[in-house]
Amino acid sequence: MTFPLFPTEASDAAAQTDYLYWGLIAISSVVMLIVFVPIVYFIFKYRRGKRADRSPVNLPELPIELTWTIIPTFIFVGLFLWGARVFWHNQRIPPDAMPINVVGKQWMWKIQHPEGHREINELHVPVGRNIKLTLASQDVIHSFFLPEFRIKQDVVPGRYTTIWFKARRVGTYRLFCSEYCGTHHSAMIGHVIVMPPAAYANWLEQGQPGNTLAQSGERLYRELGCSGCHDGSTVVRAPPLIGLFGKPVPLNSGEVVIADEAYLRDSILLPARQIAGGYTNDMPSFQGRINEEQLLEIIAYIRSRGTANSEERTANQ
Amino acid sequence: MKAELETAGVSTPLREPKNYFTEGGRTLASWLLTTDHKRIGLLYLYSLLFYFAIAAVAAAMMRMELITPQGDMVTSDTYNKLFTIHGTLMVWFFLVPSIPTVLGNFILPLMLGARDVAFPKLNLLSWYLFNAGGLLALVSVIFGGVDTGWTFYTPYSSTYSNSHVIAMAAGIFVAGFGSILTGLNFIITVHKLRAPGLTWFRLPLFVWSLYSTSIIMVLATPVLAMTLALMSLERIWGIGIFDPKLGGDPVLFQHLFWFYSHPAVYIMILPGMGVVSETITCFARKKIFGYHFVAYASMAIAILGFLVWGHHMFVSSQSVYAGLMFSLLSYLVAVPSAIKVFNWTMTLYRGSISLKTPMLYALGFIGLFTMGGLTGLFLAAVGLDVHVTDTYFVVAHFHYIMVGGMVTAFMGGLHYWWPKMTGRMYPEKLGQLAALVMYIGFNLTFFPQFVLGYLGMPRRYHAYPPEFQIYNVMSSAGASILGVGYLLPLIYFIWSLKHGKKAPANPWNATGLEWQTPSPPPKHNFSATPVVDKGPYDYSAEATERELRDRLTAEERR
């Protein structure tokens, strides 16, 4: 019988999180000593019937109260800053991260690799590379949780969320759904398989999918008729998509947004919401006509048509 | 001791003195139509016990299922319904009303020197609303249950779940009005019905905590009602509010839900803090240290509690900046709680400490609440919360606050005021034993869950990977001890009603106004309105010791 206390530290984020955890355990232990030692001592010393000096003393109330108000406040603010630093680091996605898509649905995880490989409840990644996951849900809220990596992100229908990690040791690690999602919530589990680069290259070789993700997206792009307007039609004027990904787009409303996954998603499903500057609202909505996986394929295709030089977005939103 | 001597003559009266049991009728109707706050307090006690029992059975079944990693005792759907029943009933039909409606109803007017609450009929209506809501909740359980969890997250609850969501939501909606009316009643009672001389800063801290709680009840509960109503609109008529397929925003639901439910956490702890302030002072024979700070801390918790709901949503796709703000505010709300703990500790200094059952519970409360509060600091650290949120770490944390805190305080308060409420003493030795059993059982149940959570076991899992088993077995073993800890008081409390020693007016020699009237009190509480000329907790440890020594020497001489 073993009594494990910590999950393996399999990512860079894991070590940072564990330091914070140890720090909090240390501070909590000190606080518990400060509270419990006097309580136990007083109970023994001032137990009813035991002789002790009980004459009333006039303790300086205000200074004492201020002491135990101000010192905890400072400690708490320090803890906040520490926690914020770890969080901030985990939220900033490195620009060179390798993109992989994850679609959650009741009750499985579907993975799409840019090379076209598809997996269910398994995610193969190379060790030592920054990996960025774009998470989408086809139905209810799920949560993508890798305890050995100390990361977690809710997967929310109707929007993309992102998460990144850098695995630092080869192995097989647990993947859980950690947001309750219905009957088989506890069966919505899987594994992340971290491989040495050579083995990963080998794995990619052997899979040999017919199309890359972008190629699948291109086929959809033609089938759904996107190309009719966006690829230089003379009848309908639609914004060109070449070199669009990651570029700032001025809108008719005067705002400027970055053409990231979230923007492209909204433009396909809710085209009337953000209209690019100089264009009119002509595009039909594709809501209900394509599923989350197809949507991600089209976005992979648009991405493959060239990206702007600007950096990948850093924050979650 | 003096009080005991005074009431010694009461042991052989031929006729019971008038009290609220004998006055006003003994029929069932006289209870069901009563406007006496004391009778209503007892009505609440019976109803709460009923809901608690159902929710506890659900918990027991879950703990049994979790002994083995495989989901082999009940089906996944049943398991999901069990934790939903456990959560909804425990939160809305036990914890939120527990201390306010039972002990608050009974004791608040007595503490204020009043004849009743400000609106006695409204008080009865609250009880009926509460039970109408409970009945609806039970209907949903009887017809097959709900599987959304107590949080009702959309779009699962509004679109995908095939269970009786509407009946349960309606039950909580209706019971919520009972909560609002109780809050309103208490606020006005505290403002208008204080005895002559009972100024705000002469109020017992239990009154301050009920006052703060009432403010939260009145301000937050309507938001819950609206949220559940919106969710039901979407579920019944497909009006798109939360489901993105209908053009809604699922995270909006979480904002609205936690805007109520985080303050509700303080509804579930502030009254417990009030009880602890009463019992610590009485059994240490000391004036509370830093009265004003403890009182203000209650108000600070009530106000700051409204600003931290987003800490339930750090990984929900809420903006990073919002996450950081909510993290900072969550740390700030921990300050007033820390102040209270330090003040209670300091109150023991130079006291004359007696470890009677209510005091054991009060000390247990400090221990468990401190553990719960400290692990709250872990969860408020946004970088760490990412890892532990939605795992058993959170489950352990809030059980330390709600069960370790509130239920412990409720038990303490029940023992403390039992003589006043029933006119009988509970058996002291058994009481102490039960408190100890509860403390051990509780820690064995919930401490392993912190480890489980850090290891990564998600909450609401019917089956789990085998490496988590050892801690689950420990937790289930603890739960069975905890169960014994709850059954013991149930048995001896019932036993004491007939066989318990007759209680004097003031068995603890306490200073509150509620002890200046017979036990049980007459229907109108006081024969003459008491006049207050000093602050609460006018205790002297030295005097207590002197009396004790005098009595001992007198006995020796005999």
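One can find the structure itself at the top, above this paragraph.
Basis of the calculations
- Residues numbered from 1 in each chain as written.
- Chains lettered and ligands numbered in written order.
- Predicted model: local features only at pLDDT ≥ 70, side-chain atom pairs only at ≥ 80, totals over all residues.
- Helix = DSSP H or I, 4+ residues; strand = E, 2+ residues; numbered from the N terminus.
- Expected span 1.5 Å × (residues − 1).
- Bend = angle between axes of the 7 residues up to and from the residue.
- Buried ≥ 20, exposed ≤ 12 C-beta atoms within 10 Å, placed from the backbone.
- Contact = placed C-beta atoms within 7 Å.
- Pairing = 2+ DSSP bridges.
- Axes fitted to C-alpha atoms, helices over the stretch in contact; angles between N-to-C directions.

Colleague: Quick rundown of helix 10 (residues 250-267) of chain B? Include the residues and the values.
Modeller: Helical geometry: 3.6 residues make up each α-helical turn, so side chains three or four residues apart lie on a common side. All names here are of chain B. Over its 18 residues, helix 10 runs 26 Å from end to end, which matches the ideal 26 Å to within 8%, given 1.5 Å per residue. A bend of about 30 degrees at tryptophan 258 is the largest found in helix 10. The buried count for helix 10 comes to 15 of 18 residues, which makes it a mostly enclosed element.

Colleague: Give me the lowdown on helix 2 (residues 61-91) of chain A, citing residues and values where you can.
Modeller: For helix 2 of chain A, spanning 31 residues, the distance from its first C-alpha to its last is 45 Å, which sits close to the expected 45 Å at 1.5 Å a residue. Here helix 2 of chain A has its buried residues at Glu65, Trp68, Pro72, Phe76, Leu79, Phe80, Gly83, Val86, Phe87, Asn90 and Gln91 of chain A. Where helix 2 of chain A is buried, its residues contact helix 1 (12-45) and strand 7 (151-155) of chain A together with helix 12 (291-304), helix 13 (320-347), helix 14 (357-380) and helix 15 (382-388) of chain B.

Colleague: Which residues make up the sheet that holds strand 9 (residues 171-177) of chain A, and what values do they have?
Modeller: Residues and elements named next belong to chain A. The sheet built from five strands is open, its strands ordered 4-10-9-6-7 with mixed pairing. Whereas interior strands pair on both sides, the edge strands pair on one side only; in this sheet they are strand 4 (122-126) and strand 7. In this sheet, neighbouring strand axes are inclined to one another by 20 degrees on average, regardless of whether the strands run parallel or antiparallel. Note that strand 4 and strand 10 (residues 190-195) share five bridges and pair parallel. Paired with histidine 124 across the strands is isoleucine 193, a residue of strand 10.

Colleague: Requested: an account of the pairing of strand 2 (residues 108-112) of chain A, with residues and values cited.
Modeller: All names here are of chain A. Taken together, the five bridges between strand 1 (residues 98-105) and strand 2 define a ladder with antiparallel strand orientation. Paired with asparagine 101 across the strands is glutamine 112, a residue of strand 2. Where strand 1 hands over to strand 2, the hairpin turn is made up of two residues, counted between the paired strands. The turn joining strand 2 and strand 3 (residues 118-120), which pair antiparallel and follow one another in sequence, is formed by five residues; a positive phi near 105 degrees is taken by glycine 116.

Colleague: Hey, could you go over unusual backbone geometry for me, with residue numbers and the actual values?
Modeller: Negative phi is the rule for most residues except glycine; trans is the rule for most peptide bonds. Residues and elements named next belong to chain B. With omega at 0 degrees, the peptide bond leading from threonine 154 into proline 155 counts as cis. Mapped onto the fold, proline 155 is located in the loop between helix 6 (120-142) and helix 7 (156-160). For the peptide bond that leads from serine 519 to proline 520, omega is -15 degrees, which places it in the cis range. Position of proline 520 relative to the elements: it lies in the loop between helix 18 (469-499) and helix 19 (541-557).

Keep in mind that these numbers describe shape and distance, not what the molecule does.
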